[in-house]
Amino acid sequence: MVLNEQQKMIRNICILAHVDHGKTTLADHLIAAAGGGVLHARQAGKLRYLDYRDDEQQRGVTMKSSSITLHFKNHVINLIDSPGHVDFCSEVSTAARLSDGALVLVDACEGVHIQTHAVLRQAWLERVTPCLVLNKMDRLILELKLTPLEAYARLQSIIGEVNNIINAFRSEKYLSDVDSILTGPTTPISEGLDSEDGHMMRVEEEEDEEDAFSPDRGNVAFTSAMDGFGFRIDYFADLYAAKLGANVKALRKALWGDHYYNPKTKKIVGKKAAAAGKLKPMFVQFVLEPLWQVYEVGMQGKDGAERLGKIIQSMNLSIPSRDLHHKDPKVVLQAVVSRWLPIADTVLSMVIECLPDPVMAQPERLVRLVPKPDIPPGTSKEVQTELELVRSAVEHCDGGYEGPCVAFVSKMFAVPIEALPRHGPNGEVITNLEVDLGVGDTDAAHRECFLAFARVFSGVLSVGQRVFVLSALYDPLDAESWNRNVQEARVEALYMMMGRGLEPKSSVSAGNVVAIRGLAQNILKSATLSTTRHCWPFASMTFQAAPIVRVAIEPSDPTDMGALTRGLRLLNRADPFVEVSVSGSGEHVIAAAGEVHLERCIKDLRERFARVELVVSPPLVAFRETVDAEGGTVDGVKTVPGQSEFVETTTPNGRCTVRVHVTRLPAAVTKVFDGSADLLKEIVEGEGKGLRSQVHGTARGGKGKEDPIELLCSRLLVAATGEDMVRNQEGGRRKKSEEDRDDWVHKLPNIWALGPRRVGPNVLLVPHAHSSEIVRSLSTESIDGISQSVIMASHSLLVKGSAQISQKLGLASGVDVTDGDAEEEINGRTPVSSILTEVQGLESSVVSGFQLATASGPLCEEPMWGLAFSVEAFVTLKPGGIASDQGSIEEAVDATVSADQYGPFSGQVMTAVKEACRAAVLARNPRIAEALYFCEVGAPAEHLGQIYGVLGKRRARVVKEEMREGTAMFTVHAYMPVSESFGFADELRRKTSGAASPQLVLSHWEPLAEDPFFVPRTEEELEEFGDGLSAPRNTARKLIDAVRRRKGLPVEEKLVQHGAKQRTRARKV
């Protein structure tokens, strides 16, 4: 009980906001007030204590999440400051995973921005309780010069907009709950009514929940981090309760909303009663007007000194005379308001009162952190008991020494070895720290040490303790997983993080955030720590973006390649979001979220991890290859006579004929596959065992009973049958026909494989053939007079495959259609088992060919996107293999399956399938698809022309332009290709003299409408472009040629662009 009471005095919080909304400045004030003297109050807001990297101070942008421990009113508050820039959204995920509550900051002047949506969604996914902080209130007074009534209307609109975002998340959860009910497994009527009615009642209750943020509930604070003041309605309710003779609780509710105070009757009235007397809302009259008055007097300087002195005296404030007599009136004003309404007391009091402690939070977050999987019936009771014991310890935040210890590492981060403490937890001096550091804890030069950023969820973690490091794929019920996905490690040291400093600890109990040394060689990015093997790993974290910007790097001196390789390994461990890989050409490639993230990675690699001079290539932008949604074929491609939609190829030995048909997946279905890569990977590779993360079930705020496979299945069915809109030839829009929708509903249960890498947005469908074509008869009748095609059709077997993916997703029954025909007799004779076995063995070759084709398209060897392939592979017997008796049949089979001069038959089929799929894409009007950023630009009205000029130059498509209410600022929303985004921010700032601030967030993939192989044919086209030889290449062809040129592929281009005859010049003597 004592430990439990201690944990109730802990708060784990993070600060989330859009970039430049004041997160780090607010953190400075909290550190100055409750950080134990590490920061003086005069430096708050100026030092930016948690931004201790040089590039963070230079750019003024937070690039990593930092933690510090604060002490306020006998409470321990673990504060994590997170970045607001979209390039570092992974740091927001790591901070939210370790927190129970969040302070969501919104600029009162600029309002809700794109990253505000992102951080609110991240808090919603991680089940983190948020509080709202409306920052930069001083800008409403000094910059926008709003009246108190106008400011009140603006604050109301911002709070309403944030509440609408939360309500949208609740609506998504409501719809997912309804989908899970409608598409759930079939149950008896009596059971189904009880469970569904109960579920629907819970859904309706959640739908009727009150607004997430409301000032009268105390979870909204109004602050100015720059001026150091902040307040909640509670302060003014206590202040005016005695003066007005009202109840504090009633006054707290009346100070927000349409409530008015009538001085004549001394009563609080509603909007109708106040209309006649022209009264002001109580929030305006009793809260904003006094604040506006202080600012008005304070900014008058010497002229208002007398009035300001009276205000200070009436408030009983103690202000040093040095501050009062300062020449700058802004300094005087800050000294007054920061002592009248101290921001740290307001925010930290709200944290203690409104945000949950670990004991309250972990039961609510358990469904997201450790979803409860289905345990097989044959599992021993001892194992089930221990698994339930560990889960219960995490749920109740058991901090006892006798219970299991479970912790989660959200990221690894590197610190200089000089920053490590040279003393132990008890003050003992450590003289040989470099010797104690393990091989995997530091880099090769012993300059950087890797620490694990973790939180203890149950038990006590101590120095010297042995723990099991569990990966996300670990399954405690799988014996093979014990050897493959678990390691044993020793905790070498524990540190309490104090921003840029570390304090050693001997042990850390449940509910605390800690840095751990000794796990670097066991953890790459994130992992679960446990003192027992019988523990489910924590669910994987979700990121709001994907690494899309890639560059190839190499050392300036080839002899430094070893140092570069080691540096890349360290960078991959130190950054939770970067991806390091080796391309097919042998280049080392770094993938980052954006330009700023990429610059930081290159800087760290050059100055910290590799310490060599680097040569960085231009950005390698990823593209996708698809086909035109309208279909059609391209001239010059060989197709099957009478069936122009099929492309046919034959293996070199002539034994296998491959026919491929490709169509475009519906956009909604492609989007579902694209957004479910993590879940599909667990389904396909883990065969359903790794669904503990329940990416699309519990992450959406479910109650833990949703099956993620069922939710994915329902989303696919909704996407296939929904009212999806596609463009017709005239450029308008039309709904999909009933036939198209029925067609895709029938195709979804026949998914054989996904690609590329078995989880991509391309599907391989099981071929549909007539029963007479599935197993061909080996007829002994004469073949004279029969055409060659009939001979092929009469003596061949179809590689049928099976709907493996559909079965795993629950879209098809679990019956394997390939088993029933294996024992069929051919013309009443004994089954030819060897040829059937060979044909069944070729299924993997067909799938491998499909994977190779979708991973490398025909246009520029980029992955394919949103395509459905139907592959029919017919294995034929040689004509000489047709005989009339049983012995001859066996000889024919033996001759057929024997090796030939063209290599293994499986390899020939794989190559034929690959080439046929690529040819089929070329035959269906191929298109190049590019990634698009969602671009948000804010600037004054006089710079709109320059903004539109820069956007138009970069092929951006403007979707919306709106003026921010109460300001002269405009917000422009546009979609911009990633390939055109490099240098966009610098050019925009240069053109607008720094007035415009862009934000880029990866949005979606979109095919270019241009045909890369366009050739003028019609009279209008010939009149406009001539014969096409002199016409400039369109954008799609330019992008394809650029990628092909970079990859070393042949490019059709003129070697001489501007040829001229050689001219001789007369030499005049």
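Residues numbered from 1 in each chain as written. Predicted model: local features only at pLDDT ≥ 70, side-chain atom pairs only at ≥ 80, totals over all residues. Heavy atoms only, no water.

**Digging into the environment of Thr670**
- With respect to the helices and strands, Thr670 occurs in helix α23 (residues 667–675).
- Classification of Thr670 by relative accessible area gives buried; the value is 3%.
- Sequence separation between Thr670 and Trp865 is 195 residues; the distance between their C-alpha atoms is 7.9 Å.
- With sequence-adjacent residues up to four places away left out, Thr670 is seen in contact with Leu665, Pro761, Trp865 and Gly866. (Helix = DSSP H or I, 4+ residues; strand = E, 2+ residues; numbered from the N terminus. Buried < 20%, exposed > 50% of the residue type's maximum accessible area, 1.4 Å probe, protein only. Contact = heavy atoms within 4.5 Å.)

**Structural notes on the nonpolar core**
- Membership of the largest hydrophobic core comes to 80 residues, with the highest contact counts inside it found for Ile516, Ile590, Leu605, Leu951 and Phe984.
- Here the element with the most residues in this core is strand β34 (residues 926–940); it accounts for seven residues.
- Look past the residues within four positions of Phe984 in its chain and what remains in contact with it is Glu595, Cys935, Val937, Val950, Leu951, Arg954, Met976, Pro998 and Leu1000. (Core = buried A, V, L, I, M, F, W, Y, C linked by side-chain atoms within 4.5 Å.)

**Let's talk about the side chain of Glu91**
- By the element assignment, Glu91 lies in helix α4 (residues 89–97).
- Overall, the relative accessible area of 3% leaves Glu91 in the buried class.
- Within the local environment of Glu91, its side chain forms a polar contact with the side chain of Ser65, the two groups lying 2.8 Å apart.
- If near-sequence neighbours (up to four positions away) are discounted, Glu91 is found in contact with Met63, Lys64, Ser65, Pro83, Lys411 and Pro576. (Polar contact = N/O pair within 3.5 Å; in protein donor to acceptor, adjacent residues only side chain to side chain.)

**Structural notes on the packing of aromatic side chains**
- Applying the stated criterion across every chain yields a total of 21 aromatic pairs.
- Ring centres of Phe231 and Phe236 lie 5.4 Å apart, and the angle between their planes is 85°; on these two criteria the pair is classed as edge-to-face.
- Look at Phe231 and you get buried, because its relative accessible area is 1%.
- Taking the relative accessible area as the measure of exposure, Phe236 reaches 1% and is therefore buried.
- Consider the rings of Phe934 and Tyr975, whose centres lie 5.7 Å apart with planes at 65°: the pair is edge-to-face. With Phe934 in strand β34 and Tyr975 in strand β36 (residues 969–977), the pair connects residues that are 41 residues apart, well separated along the chain.
- We classify Phe934 as buried; its relative accessible area is 19%.
- Taken together, the ring pairs connect Tyr152, Phe222, Phe231, Tyr235, Phe236, Tyr240, Trp256, Tyr261, Phe283, Phe286 and Trp340 into an aromatic cluster.
- Stacked on the ring of Tyr49, the Lys or Arg Arg500 has its end atom at 4.7 Å from the ring centre.
- One residue, Arg655, lies across the ring of Phe905, its end atom 4.3 Å from the ring centre. (Phe/Tyr/Trp six-rings, centres within 6.5 Å; stacked < 30°, edge-to-face > 60°. Lys NZ or Arg CZ within 6 Å of the ring centre and 35° of its normal.)

**Structural notes on the pattern of salt bridges**
- This model, assessed by the stated rule, comprises 42 salt bridges.
- Between Asp575 and Arg600 there is a salt bridge, with its nearest N and O atoms 2.4 Å apart. Note that Asp575 is positioned in the loop between α21 (561–574) and β21 (579–582) and Arg600 in helix α22 (residues 595–609), a separation of 25 residues in sequence.
- Take Arg600: its relative accessible area is 7%, and that puts it in the buried class.
- Through salt bridges with shared partners, a single ionic network connects Arg97, Asp100, Glu126, Arg365, Arg368 and Arg455. (Salt bridge = Lys/Arg side-chain N within 4 Å of Asp/Glu carboxyl O.)

**A word on the pairing of strand β3 (residues 75–81)**
- With six of its seven residues buried, β3 lies for the most part within the structure.
- Alignment of strand β1 (residues 10–17) against β3, held across six bridges, turns out to be parallel. What sits directly across from Arg11, in β3, is Ile77.
- One ladder, built from seven bridges, connects strand β2 (residues 66–72) with β3; its direction is antiparallel. Across the sheet, Thr69 pairs through a bridge with Asn78, a residue of β3. (Pairing = 2+ DSSP bridges.)

**A word on the packing of helix α12 (residues 282–298) against helix α15 (residues 329–340)**
- Where α12 contacts α15, the two axes come as close as 9 Å, and the packing angle between them is 150°. On the basis of the axis angle, α12 is roughly antiparallel to α15. Our pair here, α12 against α15, has a crossing hand that is right-handed. Side by side, α12 and α15 meet where Pro290, Leu291, Val294, Tyr295 and Gly298 of the first sit next to Pro329, Leu333, Val336, Val337 and Trp340 of the second. (Axes fitted to C-alpha atoms, helices over the stretch in contact; angles between N-to-C directions. Parallel < 35°, antiparallel > 145°, perpendicular 65-115°, else oblique. Left-handed = near helix turned anticlockwise from the far one by under 90°.)

**As for the packing of α23 against helix α25 (residues 708–721)**
- Direction vectors running N to C along α23 and α25 enclose 160°, while the axes themselves pass 7 Å from each other. Here α23 is positioned roughly antiparallel relative to α25, judged by the angle of their axes. Between α23 and α25 lies a crossing whose hand is right-handed. Facing α23, whose interface residues are Ala668, Val669, Val672 and Phe673, α25 presents Leu712, Arg715, Leu716, Ala719 and Ala720.

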